[in-house]
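# Fold and geometry: a report
What follows is each chain in one-letter form.
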Amino acid sequence: MDENKIEPSIYRYILKHTKKDQFLLLLLTLLSMPFVYASLEVPKVIINSALGGVNIPDEILGYPIDQVKYLFFLCGLFLVLVLINGGLKYVINVYRGILGERMLRRFRFDLFGRLLRFPIPRFKQVSQGEIIPMITAETEPLGGFIGDAFALPAFQGGLLITYLFFIFNQDLLLGLAAIALYPPQLYIIPKLQRRVNELAKQRVQAVRRFSDKVGETVSGISDIHVNDTSSYEKAHVSSRLARIYAIRFDIYKKKFFIKFLNNFLAQLTPFFFYGIGGYFVITGELSLGALVAVLAAYKDLASPWKELLKYYQITEDVRVKYKQIIDQFQPENMLDPKLQERGQEVPNFADSDLLATSISYSEDEFVKSLDGVNFSIGSQDHIAVLGLGGSGRSVLTQLIARLLQPNFGQIKIGTQNIAELPESVLGRNIAYIDQQSYVFTGTVRENLLYGLKNEPKKEADYSDEELKQRQRYIEDSKASANSHDDINADWLNHEAAGIDRESFDQRVLNTLKIADLEDDIYQLGLYSSIHASNYPQLAEGILHARQRLREILHQDDYAKLVETLDPNQYNTNMTAAENLFFGMPVQSGIQILDLLSDANVDEAINKAELKQPMLKIGLQAAKIMVDIFSDVPEGSPMFERFSFISVDDLPDLARLSKLSETVSLDSISDQDKQTILNLAFKLNVARHRLGLITPEIQQKIVNAHELLKQELGDENDLIDFNGDEKVSSHLTIQDNILFGRVAYGQANAQQKVGKLIQKVISELDLKQQIIEVGLDYSVGVGGAKLTSAQRQKLTIARALIKNPQILIVNEATTILDGKVEKALIERILEIMQDKKVIWVLSNTDYIDSFDKLLVLDKGKLVAEGSVEEVSSQPDIMDKLVHN
């Protein structure tokens, strides 16, 4: 079968991968049937023999027995049969569940593997909002079905046959009555189910379209806001939700009609049993025990019949889902899976020329992006590709990187056709960057080294217990045909980068400098926080830097710039809350003011005789704020200075300010007291200058902090206290070095202090260690926490660190400042001087740095040669210069 095709039938797909398991499940199912039959027969014998006192054996297994003993023997036998049946059901169900989950894991892994082989143009036709639910939510029902595909109908069908055999064995007419209504159900229900299946198919498609719209909204949220199209988008989504609702409404009507019909027909059968069976008992043609057993069997008969009908409905639903999923995952022109296999020899293309022969490309078979292009690139050529918009210049570089496949012609490196080379060869010899190069969720370091993670190089160190878990993981992965590579292993391929492990860190730093990323990463590190245990050497350096900075700040020129943190002295450039806690909450997501409601904090405030004064201060602050801002327009700079309030707070502040005029402090509600305390503890003496936090109150706050620290201890689960001989994990590296607050109102204080910190860092040689912290900075989803320029420079650095033989840059630097871009081009060309570089330029400003130019126009190569040769063609250059 074609490797790009998936088995069209879900049954064939299941059998292909689980034939032995399905056979074992069927065997267990058949094994359970005699025990099921025996569990039906024993109650009949209990009623007719043990209770009726007839046909009681004299002995069992050599032991004499009477009626009572016989009764208890049969009851015990029945209990044993119940346990056996339950145990077999348990084994079968667990086995089915494991089998289903393994196959679901295999199927999802297979779909993801196919996703990695999709031709790039495919992603223009289907969005991630459609693909993601197909691999996740839409495959979920398949997991349960795969385990049930053969075992459930065999088990439930076996039960059904066993029960029917038992009923027929008691009386032929009762047996006929039991199956009398099956033919109508078998005729009507499939017809109704087909309509439900069609609606289910429409529902899946409608949900995909809805998912696609949600994904599009997330991607375009900024444009929605700036264009005021929220109402339009809501209407768009509402129409899609309405379509889903209408389909589901039809499904529910038909599905529950099927259920009603099943239940109605199922309840008709007992009428025949009570009527015909009762008549036979009265006439003596059937024993009461047999009728009771038949009724019990029929009661049990309903369950497997319902399960079989339910199985039929699920089968049809799953069949539809399976067909719709596989249709989306077998597009034309998928990459050959052999090209993604590992372990292939990686040739070196350092001395090989690149030759393109008659290459043409069209995405829609109508408009040609490239048409019959021929060119050659020497082993050490630096090529600039130029052209107007729509010239095909970007398509050309994508073809060389094999992101696209030419419709006609071929591209060779040396004697080898690029189309036939495995990814292990191309990925290690070619680096490609464009404006859409992606930054993955993770750290800067993980993104920087992403191109070197081709295969695991060294197993992770595990304990004995972890090794057992790892072995189980390998076994389960193999059983599910998944990759069992260890994600925790060392994946860095230093050899591919052409450098040993000992020199690798220096390569990283050099690459950051070349990509103009060193200062960016340094700043990210400087504004990051660290745990001292993770960076012990840097933590020690921070404490030395803190001491050295204090020495400098004690000089007359800098004495007023910073107010140092000291738990025994109130810091007037911090809020009252920051002085009280002198630290930050341990638990993430909790704000510092939230700690005021803690019992320990409340006790410390009361012991320091601080609560009543702070309530009064809060009420005074509320009055002052209302007086100041009653006539101040929204957006006034005054709100920035008093940043602890907003326009929306004013009505509540006005209400609170009047409380003291009507009620005593003790009569104020607990909720209002908390609001008043929060307002008081937001006050900053130096910034707000309201004169409310007097020296006396300041000392009480310092005392309250000391009481709180004595109560909680240095190590606690509430507050991470700052310490003079401690690197605080909630402060940035810069704030840990400063360990104080820049004085409010001092001219250019921030800039001066910043320069002093930089000076200290240079003196103590801490910059490289801080860069290491910056490399561990989390970039957010898709690099959202980085600027556009930082993201682009990071992808450039990622390409360079691979040490590629061919570097392809497709307008990846146009986002940068002109001077930065020019310097970056020159640095990259210098380190790539003995390798191939193919660079798409958006203008002619930097062409003098390159050996050769390729000029494209409307898919045709219109000029090729040195800068001097192409520049001598004025008609071409005029077009490019005035672009």
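Notes on the structure follow. Residue positions are given per chain, counted from 1 along the sequence in the order it is written. Side-chain atom pairs in this predicted model are given and counted only at pLDDT of 80 or more, local residue features only at pLDDT of at least 70, and totals for whole chains, interfaces and linings cover all residues. Just so you know, side-chain values use all the structure's heavy atoms and leave hydrogens and water out.

### Quick notes on the sheet that holds strand E4 (residues 368-377)
Paired strands, in this sense, are two strands between which DSSP finds at least two bridges. Per the convention used, a helix needs a DSSP run of H or I reaching at least four residues, while a strand needs a run of E reaching at least two, with both numbered from the N terminus. Strand order across the open sheet formed by four strands is E4-E3-E6-E7, with antiparallel pairing between neighbours. On the outer flanks of this sheet lie E4 and strand E7 (416-417), each paired with one strand and no other. Across five bridges, strand E3 (residues 354-362) lies against strand E6 (residues 408-413) in antiparallel orientation. Each residue of the ladder has a partner; that of Leu354, found in E6, is Ile413.

### Details of the nonpolar core
To define a nonpolar core, start from buried Ala, Val, Leu, Ile, Met, Phe, Trp, Tyr and Cys residues and group those joined through side-chain atoms within 4.5 Å. Buried means the residue's accessible area, taken with a 1.4 Å probe over protein chains only, is under 20% of the maximum for its type, while exposed means over 50%, and partly exposed covers the values in between. Leu448, Leu512, Ile733, Leu807, Ile828 and Leu841 are the most contacted members of the largest nonpolar core, which has 80 residues in total. Element by element, the count of residues in this core is highest for helix H18 (residues 536-553), at seven residues. Counting 47 residues, the second-largest nonpolar core is a separate cluster that includes Ala604, Ile605, Ala621 and Leu677.

### Details of the packing of helix H16 (residues 504-514) against helix H30 (residues 767-775)
Axes here mean lines fitted to C-alpha atoms, for a helix over just the part in contact, with angles spanning 0 to 180 degrees between N-to-C directions. Running from N to C, H16 and H30 point in directions that differ by 80°, and their axes come no closer than 12 Å. Looking at the two axes, H16 sits roughly perpendicular to H30. Residue-level contacts link Val508, Leu509 and Leu512 of H16 to Gln768, Ile771 and Leu775 of H30. Under the convention adopted here, Pro, Cys and the residues Ala, Val, Leu, Ile, Met, Phe, Trp and Tyr are nonpolar, Asp, Glu, Lys and Arg are charged, and Gly plus all remaining residues are polar. Counted by class, the contact of H16 with H30 contains five nonpolar, one polar and no charged residues. Comment on the angle field: the value is read as roughly parallel under 35 degrees, roughly antiparallel over 145, roughly perpendicular from 65 to 115, and oblique elsewhere. For this analysis, residues touch if any pair of their heavy atoms sits within 4.5 Å.

### Details of helix H15 (residues 464-479)
By definition here, a helix of n residues has an expected span of 1.5 Å times n minus one. Here H15 is 16 residues long and its end C-alpha atoms lie 23 Å apart, about the 22 Å a rise of 1.5 Å per residue gives. Residues of H15 that are buried make contact with helix H2 (67-115). At the C-terminal side of H15, Ala481 shows a positive phi close to 55°.

### Details of the packing of H18 against helix H29 (residues 749-763)
Relative to each other, H18 and H29 sit at 130°, their axes nearing to 10 Å. Between H18 and H29, the angle falls in the class oblique. Viewed along their axes, H18 and H29 form a crossing whose handedness is right-handed. Two secondary-structure elements touch here, H18 through Ala545, Arg548, Leu549, Ile552 and Leu553 and H29 through Leu756, Ile757, Val760 and Glu763. Residues that form the contact of H18 with H29 fall into these classes: seven nonpolar, no polar and two charged. When the near helix sits turned anticlockwise from the far one by under a right angle, the crossing is termed left-handed; a clockwise turn instead gives a right-handed crossing.

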